[in-house]
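Structural overview
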Amino acid sequence: MYKPVVLLSATIHCKETPFLKRQDPATREADYKWAIKGWMEVDGFDTMIFCENSGADLSRLEKYAASIDRLHRKLIFLSCDKNLGASERGKGYGEMETIRHALDALTDLPPEQMLLKVTGRYRARNAARLISRLSGMQGEIFSDMRKNLTFADSGIFAITVKCAREHLLPRQDELNDFDN
């Protein structure tokens, strides 16, 4: 069993993305720095992927993460310019592009590898316990479900690479934040 990989999704330059409370790029970058610091203090994982979808320069965040990496993790920083659909369909659509880009870039991840996907501006207070429990669980997807199991919180969830590629990403066109 592999240790979970932490995947932090990010958008620094939001442009026209609806339903965002914090749109200033400098504020968002500071939020990501704060979250990275929190995740770097958590035990239980060896690899952290920070994937940003607005084409932003990540060199400052990458340098910062490396400077506080006391556990010598594998740190992967990816940036792409694939947030275009978010202005029309919402942040969920853009976030799916982030996940897709990370998986397309990291073709060496085994199908059974568990990804703990977290909105990159967030920390989880119970992250160490969550990762510990996740390491021993059997399954392909773990999420907080609501509204009679019709709504899943995408702020934090775990999914295997195989499940993401075969079941999650193919459903991207069904996402539209305006329909909720």
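As a starting point, this report considers the structure included with it. Just so we're clear, the structure is a prediction, and the values are computed from it rather than from any experiment.

A few words now on the sheet that holds strand β5 (residues 141-142). Strand-to-strand pairing in sheets goes through backbone hydrogen bonds, with the strands running parallel or antiparallel. A sheet is described by the order of its strands in space; here 6 strands give the open sequence β3-β2-β1-β4-β8-β5, paired in mixed fashion. Pairing within the sheet leaves two strands with one partner each, and these edge strands are β3 (74-79) and β5. Relative to strand β2 (residues 47-52), strand β1 (residues 5-10) runs parallel, the two sharing 5 bridges. Opposite Leu8, over in β2, you have Phe50 as the bridge partner. Across the face of the sheet, helix α2 (residues 59-67) comes into contact with β2 and β3 while running at roughly 170° to β3.

Within α2 the residues assigned to the buried category are Leu61, Tyr64 and Ala65. When α2 is viewed along its axis, its buried side chains cluster within an angular range of 100° and face the same direction. In α2, those exposed residues whose orientation departs by more than 90 degrees from the buried face are Lys63, Ala66 and Ser67. Next to the buried residues of α2 lie α1 (25-40), β2 and β3.

Mapped onto the elements, Leu8 comes out in strand β1. Placed 112 residues apart in sequence, Leu8 and Gly120 show a C-alpha to C-alpha distance of 4.3 Å. Setting aside its immediate chain neighbours within four residues, Leu8 contacts Ile36, Trp39, Met48, Ile49, Phe50, Cys51, Val118 and Gly120.

The subject of this paragraph is the packing of aromatic side chains. For the structure shown, the criterion picks out 3 aromatic pairs. On the basis of an interplanar angle of 70° and a centroid distance of 6.5 Å, the ring pair of Trp39 and Phe45 is categorised as edge-to-face. We classify Trp39 as buried; its relative accessible area is 0%. Clustering of aromatic rings is evident, with ring pairs tying together Tyr32, Phe50 and Phe77.

About the criteria used
- Residues numbered from 1 in each chain as written.
- Predicted model: local features only at pLDDT ≥ 70, side-chain atom pairs only at ≥ 80, totals over all residues.
- Heavy atoms only, no water.
- Pairing = 2+ DSSP bridges.
- Helix = DSSP H or I, 4+ residues; strand = E, 2+ residues; numbered from the N terminus.
- Contact = heavy atoms within 4.5 Å.
- Axes fitted to C-alpha atoms, helices over the stretch in contact; angles between N-to-C directions.
- Buried < 20%, exposed > 50% of the residue type's maximum accessible area, 1.4 Å probe, protein only.
- Arc of directions from axis to C-beta.
- Phe/Tyr/Trp six-rings, centres within 6.5 Å; stacked < 30°, edge-to-face > 60°.

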